[in-house]
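Spelled out, the chains give:
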Amino acid sequence: MQQPRLTFACELDRARLTVLFSDASVIEDLQALGAHVILMLSDLSPERAAVVQQLNAAGVPAVAVPLLSADEGYYFTADNTQRAAECYEEWKAWTAQHGLVWEGVGLDIEPEARFYQQIMDNPWGLVPMLLPRLLDTERPRRAQAAYAALIDRIHADRYSVENYQFPLIADERRTGSTLLQRLLGLVDVRTDREVWMQYNSFIRTLGPGLLWSYGPEAQALAVGTTGGGPDVPGHPQMPVLSWDELARDLRLAHQWSDDLFIHSLEGCVWQGFLGRLRSFDWGQAVTPPKTTPLAEGLRQVLRGTLWASAHPWGMLCVVAGITWLVSRWHRRA
C-alpha cells in the first residue's frame with residue numbers, strides 16, 4: 001500500500017520550538033518522509049520566524065495556524081471572530097516582514113481553553129457555562145458568517161485554507177441540528193480541506209471504533225496525540241499514544257484517507273517515533289475494531305438526539321403517535 005501524505009502538527013512555545021529544530025535529524029526525517037508541518041503560532045516572534053525559514057530552506061511545506069496568545073484564550077472560537085480576523089492580519093504582516101513561505105493557512109476553531117480546563121477540574125462546572133448558550137440560536141449563524149468572510153479574505157491573499165474539526169460535526173450536519181454548535185462552539189464553515197481530529201489517546205477503548213465509523217466520511221484524518229499540547233500555562237496534560245497504538249490508528253485511518261495528520265511532531269520526536277515512521281509498513285492488513293458496533297450505536301443515539309433538537313414538533317408528533325399506539329394496546333389488553 002502506498003504511503004499516505006503525512007502532516008505533523010507542532011504546538012510548542014518558541015523556546016522549545018527552537019530546541020526541537022536545533023536537532024538536524026528532525027528535518028532530515030521530515031524530508032525522508034516527504035512530510036508537511038503545521039505550525040501553531042501563538043506568538044509572532046523572530047524565533048518562530050527562524051524555524052519557518054529553516055523549513056523553507058529544507059523544502060518542507062509548512063501550514064500556518066495563527067492563534068491568540070494564552071492570555072486571550074489561545075483558540076479561535078465562535079465568539080472571538082473579530083479578534084481572529086485581526087490575528088490573521090498580524091500574521092500576514094509578520095510573514096511579509098520575515099519573507100516566510102507557507103503552503104496554506106489553517107483555522108483551529110475550538111471551544112475556548114477554559115472549557116477544557118473545566119472538564120479536568122470539575123465537569124459539573126460546565127453546566128452553568130453551557131446552559132445560556134442553548135438560547136442563543138443565532139450564535140452559530142454569526143460565527144459561520146464571520147469565518148466565511150475570513151476564509152474569503154485568505155483566499156484573496158492566494159492561500160489555501162484548511163480547518164481542524166471534531167467529527168461530531170458530521171452527525172450535526174446530517175440531522176440539520178445546531179445543538180453542538182451552540183453548546184460547544186463548533187463552527188460549521190467549509191474550507192478547502194477539513195481535517196477531522198480523531199485523538200484516541202483520550203478514549204482508548206472506544207476510539208478505534210469511532211475512527212473506523214467516521215473514517216469513510218472524512219476528507220482527511222488526524223490521529224494522536226503522541227505528546228505535547230497547547231502553549232497555554234496550566235493546560236491539562238494530555239494522555240499519549242504508545243507506538244503500537246499510533247501504528248494501529250495510522251493503519252485504520254489509511255483505510256479511508258491518503259491524507260493523514262499526526263498530533264504532534266514534538267511527541268513523535270520525544271518518543272522516537274519520527275525515525276520509525278521512515279520504515280513503517282503501510283501494507284499490513286487491518287480489520288474493523290471490536291468497538292465499531294458500539295461506536296455505530298452511540299452515533300445513532302447522538303443523531304437521534306440531534307434530530308429531536310432540530311425538529312421538536314416532529315419529535316412531539318412521534319411521541320404522540322407512540323402514546324396513542326400504547327394506549328390502544330392497553331385498551332385491547
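Residues numbered from 1 in each chain as written. Predicted model: local features only at pLDDT ≥ 70, side-chain atom pairs only at ≥ 80, totals over all residues. Heavy atoms only, no water.

Caption draft 1: Structural view of the overall build of the protein chain. When you go through the protein chain residue by residue, the secondary structure sums to 15 helices and 8 strands. Residues counted as buried form 52% of the 333 residues belonging to the protein chain. Intrachain contacts of the protein chain at a sequence separation of at least 6 include 80% that bridge at least 24 residues. By element, 58% of the accessible surface of the protein chain is carried by carbon and sulfur atoms, the whole surface being about 15,400 Å². (Helix = DSSP H or I, 4+ residues; strand = E, 2+ residues; numbered from the N terminus. Buried < 20%, exposed > 50% of the residue type's maximum accessible area, 1.4 Å probe, protein only. Contact = heavy atoms within 4.5 Å. Areas by Shrake-Rupley, 256 points an atom, 1.4 Å probe, with all protein chains shown as cover.)

Caption draft 2: The environment of F280, seen in detail. Position of F280 among the secondary structure elements: in the loop between α13 (273-276) and α14 (292-310). Residues in contact with F280, not counting those within four places in the same chain, are W243, A247, L250 and R251.

Caption draft 3: Structural context of helix α2 (residues 24-33). When α2 is considered as a whole, its buried residues turn out to be V26, I27, D29, L30 and L33. All buried residues of α2 lie within an arc of 160° about the axis, which places them on one face of the element. Packing partners of the buried residues in α2 comprise β1 (5-10), α1 (14-21), β2 (36-41), α3 (46-58), α12 (265-270) and α13. Immediately beyond the C-terminal end of α2, within one or two residues, lies G34, with a positive phi of roughly 60°. (Arc of directions from axis to C-beta.)

Caption draft 4: Expanded view of the nonpolar core. In terms of nonpolar packing, the biggest core is built from 78 residues, with F8, F21, L30 and W102 touching the most fellow members. Leaving out residues up to four positions away in the same chain, L30 has contacts with F8, F21, A35, V37, L55, V60, L265 and L274. Grouped together as the second largest cluster of nonpolar side chains are 14 residues, V65, L67, Y164 and V195 included. (Core = buried A, V, L, I, M, F, W, Y, C linked by side-chain atoms within 4.5 Å.)

Caption draft 5: View of the confidence of the model for the protein chain. Across the protein chain, the average pLDDT comes to 89, with 87% of residues at 70 or higher. Note that residues 318-328 has pLDDT below 50 and, in this model, 0 contacts with residues that lie over four places away or in other chains. (pLDDT = per-residue confidence, 0-100.)

Caption draft 6: Structural view of the packing of helix α10 (residues 207-214) against α14. Closest axis-to-axis distance for the α10/α14 pair is 8 Å, and the angle between their directions is 65°. Accordingly, the angle class assigned to the pair α10 and α14 is roughly perpendicular. In the crossing of α10 with α14, the sense of the turn from one axis to the other is right-handed. Contacts between α10 and α14 involve G209, L210, W212, S213 and Y214 from the first element and T292, A295, E296, R299 and L302 from the second. For the contact of α10 with α14, the per-class residue count stands at 5 nonpolar, 3 polar and 2 charged. (Axes fitted to C-alpha atoms, helices over the stretch in contact; angles between N-to-C directions. Parallel < 35°, antiparallel > 145°, perpendicular 65-115°, else oblique. Left-handed = near helix turned anticlockwise from the far one by under 90°. Nonpolar A, V, L, I, M, F, W, Y, C, P; charged D, E, K, R; others polar.)

Caption draft 7: The arrangement of the sheet that holds strand β7 (residues 220-224) in detail. Taken together, the 8 strands give a closed barrel; going around it, the order is β1-β2-β3-β4-β5-β6-β7-β8, and neighbouring strands pair in parallel fashion. Averaged over neighbouring strand pairs, the angle between their axes works out to 25° when direction is ignored. With 5 bridges connecting them, β2 and strand β3 (residues 62-66) associate as parallel partners. Within the sheet, the bridge partner assigned to I38 lies in β3 and is V63. (Pairing = 2+ DSSP bridges.)

Caption draft 8: Main features of the pattern of salt bridges. Taken as a whole and assessed by the stated rule, the structure comprises 25 salt bridges. Between D43 and R48 there is a salt bridge, with the nearest N and O atoms lying 3.1 Å from each other. You can call D43 buried: its relative accessible area is 19%. Taken together, the salt bridges that share partners define one network made up of R5, E103, E162, R193 and D259. (Salt bridge = Lys/Arg side-chain N within 4 Å of Asp/Glu carboxyl O.)

Caption draft 9: Structural detail: a nonpolar patch on the surface. There is a patch of nonpolar side chains on the surface, built from W124, V127 and L131 and spanning about 360 Å² of accessible area. Following the sequence through the fold, W124 ends up in the loop between α5 (113-121) and α6 (126-130). (Patch = residues over 30% accessible without salt bridge, like charges linked within 9 Å, V, L, I, M, F, W, Y side chains within 5 Å.)

Caption draft 10: The environment of V26, seen in detail. With respect to the secondary-structure elements, V26 resides in helix α2. It is 10.0 Å that separates the C-alpha atoms of V26 and C268, two residues lying 242 residues apart in sequence.

Caption draft 11: The arrangement of the side chain of Q165 in detail. Position of Q165 relative to the elements: it lies in strand β5 (residues 160-165). Given a relative accessible area of 2%, Q165 falls into the buried group. Within the structure, Q165 has its side chain in polar contact with the backbone oxygen of V187 (distance 3.1 Å). The contacts of Q165, once residues within four sequence positions are left out, are L186, V187, E194, V195, W196 and M197. (Polar contact = N/O pair within 3.5 Å; in protein donor to acceptor, adjacent residues only side chain to side chain.)

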